[in-house]
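Architecture at a glance
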Amino acid sequence: MIDRPAIAIAAGGTAGHVNPALALAEELRRRGATVRFFGERRRLEGRLVPQAGFDLFPIHMSGFDRQRPWTLASALARLRRERRRICKAFRDDPMMRPDVAMGFGAYVELPLLRAALDLGIPVALHEQNSIPGLANKRLASRAGLIAVSLPSAQSALERAGANSSAIRLTGNPVRASVLSGDRSRGRAAAGAQADDTVLLVFGGSLGAHHLNEAIARLKGTLLGIEGVRIVHATGAADYEATSALLDLSEDERQRYRVTSYIDDMGDMLAAADVVLSRAGASSIAEIAAAAVPSILVPYPLATRDHQTTNARYLVDAGAAIMCADDEIDSEGFASRLIGLLGDSDLRRRMHLRGLGLGQADAAGRLADAVLALVV
Ligand SMILES: CC(=O)N[C@H]1[C@@H](OP(=O)(O)OP(=O)(O)OC[C@H]2O[C@@H](n3ccc(=O)[nH]c3=O)[C@H](O)[C@@H]2O)O[C@H](CO)[C@@H](O)[C@@H]1O
């Protein structure tokens, strides 16, 4: 095999797509490969990729909005232009040309992977969700490797034309910093004492407005429980509105930390006694890796309700409780959350059932499969 294989990775949009790609990139770098990312500077990858020490080749996409069908023509024109630009970059500079091009399911992968196919470069896909997204389905028939997080994705990919011999169950890669989260560092950041019960709330990488509202309404009740500490990431877009709803006093701020985005998710998951979250694929993988008891509220508008299917991975094992989005304003939801916060035996049972559901070796398995494509 080539001494120092070059891998191009497209990942974009939300941290749910970018973080597993970073977990793979870290593993490939550890094995001596060079990794270059392809994505949009103005989106989350524009911050997370350079922060992790990788180069980002900027792609300029304009998204197709299903609600505005006339945006299709400009989206397709942009896609063709970016595909040609990437082809030219690979032809002009041999150092730019990767040995494998890989995508994690975001639409930003389309120009990179189509350019790679044009030039005969092997293409790999990773599908995190139980129900594959559109970009991966479009490329499935031409990929040399299709790695999946969950076995349930396999049949839909085969229906989209994937060769079943290209499909591998690798799991969803989790960043090393999440796998090595430090409980005492996280609890210090949460301002928690040894006996306190820490509730971590987040709604995926972009935040969840409905979850933010529901938890803000329960603020008084939650802070009324002795020893409960809350760390709540609202998402950037909802930070101002949620802070206004919460209207925390100086005293309350000692026990209720509100932020737009948590950078040290590994430490926070390690510090948490209960997580309240959406059920995006990366959240599920990380909650599983930390084996922390959770209440999962799947995003109700996710394509074909795939977050409910994602959540079942933990719920069916007894490691998590599922609540529908339209239940979270009810008394029933409040009493389940309060019940879990007050019942350390139940939390311990859920933790024990969660052990073993994490897939700490997913990044390693995926790196093996990607490097096997290098000729
Ligand atoms: C609205 C939407 O379309 N969501 C999709 C998006 O989810 P989205 O990216 O929102 O959510 P995921 O659960 O997959 O990932 C969240 C990621 O953000 C990180 N994080 C989150 C909050 C925070 O404060 N700090 C932080 O680091 C988490 O550690 C995790 O790595 O992609 C997922 C993966 O394809 C899909 O399952 C979701 O349906």
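Since this is a predicted model, take the numbers as computed values, not measurements.

Quick notes on the rules
Residues numbered from 1 in each chain as written. Predicted model: local features only at pLDDT ≥ 70, side-chain atom pairs only at ≥ 80, totals over all residues. Heavy atoms only, no water. Patch = residues over 30% accessible without salt bridge, like charges linked within 9 Å, V, L, I, M, F, W, Y side chains within 5 Å. Areas by Shrake-Rupley, 256 points an atom, 1.4 Å probe, with all protein chains shown as cover. Salt bridge = Lys/Arg side-chain N within 4 Å of Asp/Glu carboxyl O. Helix = DSSP H or I, 4+ residues; strand = E, 2+ residues; numbered from the N terminus. Buried < 20%, exposed > 50% of the residue type's maximum accessible area, 1.4 Å probe, protein only. 1 Å grid on protein atoms, 1.4 Å probe; cavity = no way out; pocket = protein on both sides within 12 Å on 5 of 7 lines; lining within 4 Å. Points joined across faces, edges and corners; volume = space filled by probe spheres on them. Near = heavy atom within 4 Å. Polar contact = N/O pair within 3.5 Å; in protein donor to acceptor, adjacent residues only side chain to side chain. UniProt positions renumbered as here; feature names shortened; annotations may be inferred. Contact = heavy atoms within 4.5 Å. Axes fitted to C-alpha atoms, helices over the stretch in contact; angles between N-to-C directions. Parallel < 35°, antiparallel > 145°, perpendicular 65-115°, else oblique. Left-handed = near helix turned anticlockwise from the far one by under 90°. Nonpolar A, V, L, I, M, F, W, Y, C, P; charged D, E, K, R; others polar. Domains from an automatic or database assignment. Buried area = accessible area lost by both parts, 1.4 Å probe.

Quick notes on a nonpolar patch on the surface
Judged by side-chain polarity, Phe-64, Leu-72 and Leu-76 come together as a nonpolar surface patch covering roughly 250 Å² of accessible area. By the element assignment, Leu-72 lies in helix H3 (residues 71–92). Looking at Leu-72, the relative accessible area reads 36%, which means it is partly exposed.

Thoughts on the layout of surface pockets
As a volume, the second largest pocket reaches approximately 210 Å³. Lining the second largest pocket we find 13 residues, and of these Ala-6, Thr-34, Arg-36, Met-95 and Met-96 sit closest to its centre. Within the residue set of the lining of the second largest pocket, elements represented by two or more residues are strand E1 (6–10) and strand E2 (34–39).

A word on the pattern of salt bridges
Side chains that differ in sign of charge can pair as their charged atoms come close. On inspection of all chains with the given rule, the structure shows 19 salt bridges. With a closest N to O distance of 3.2 Å, Asp-273 and Arg-183 form a salt bridge. Of this pair, Asp-273 sits in the loop between helix H13 (265–271) and strand E11 (274–277) while Arg-183 sits in helix H8 (residues 183–190), and the two are 90 residues apart along the sequence. What makes Asp-273 buried here is its relative accessible area of 12%. Residue classification places Arg-183 among the partly exposed positions, given a relative accessible area of 37%.

As for the site of the ligand
Close to the ligand lie 24 residues, the nearest being Thr-14, Asn-129, Ile-262, Ser-283 and Glu-286. Here an oxygen atom of the ligand sits 2.7 Å away from a polar atom, N or O, in the side chain of Asn-129. Gly-280 has a polar backbone atom sitting 3.5 Å from an oxygen atom of the ligand. If the ligand stood free it would expose 760 Å²; the protein chains cover 88% of that surface.

What to know about the UniProt feature "binding site: UDP-N-acetyl-alpha-D-glucosamine" (unreviewed entry) in the protein chain
Taking the UniProt record as the reference, the feature "binding site: UDP-N-acetyl-alpha-D-glucosamine" (unreviewed entry) is found at Thr-14, Ala-15, Gly-16, Asn-129, Arg-175, Ser-205, Ile-262 and Gln-307. For the annotated residues, spread through 294 residues, the largest C-alpha to C-alpha distance comes to 22.7 Å, inconsistent with a single compact locus. Structurally, Asn-129 can be placed in the loop between strand E5 (123–127) and helix H5 (134–139). Sequence-distant contacts of Asn-129, defined by excluding residues within four places in its chain, comprise Leu-150, Ala-153, Ala-281, His-306 and Asn-310. Along the chain, Arg-175 falls in the loop between strand E7 (167–169) and helix H7 (176–179). Look past the residues within four positions of Arg-175 in its chain and what remains in contact with it is Asn-19, Ala-23, Glu-26, Met-265 and Glu-286.

With respect to the packing of helix H1 (residues 15–30) against helix H2 (residues 44–51)
Where H1 contacts H2, the axes come no closer than 10 Å and their chain directions differ by 20°. Taken together, the axes of H1 and H2 are roughly parallel relative to one another. Judged by the sense of rotation from one axis to the other, the crossing of H1 with H2 is right-handed. Of the residues in H2, those touching H1 at Ala-15, Val-18, Asn-19 and Leu-22 are Leu-44, Glu-45, Leu-48 and Val-49. Residue classes in the contact of H1 with H2 are distributed as six nonpolar, one polar and one charged.

What about the domain arrangement of the protein chain?
Splitting the protein chain by domain gives domain 1 (6–174 + 360–371) and domain 2 (177–354). The C-alpha-based centres of domain 1 and domain 2 are spaced at 29 Å. With 16 residues of domain 1 in contact, the opposing surface of domain 2 contributes 15 residues. Interface of domain 1 and domain 2: buried area, both sides summed, is about 1400 Å²; carbon and sulfur atoms make up 59% of it. Seen at the junction of domain 1 and domain 2, the total is one salt bridge. For the salt bridge of Arg-47 with Asp-263, the shortest nitrogen-to-oxygen distance reads 3.6 Å.

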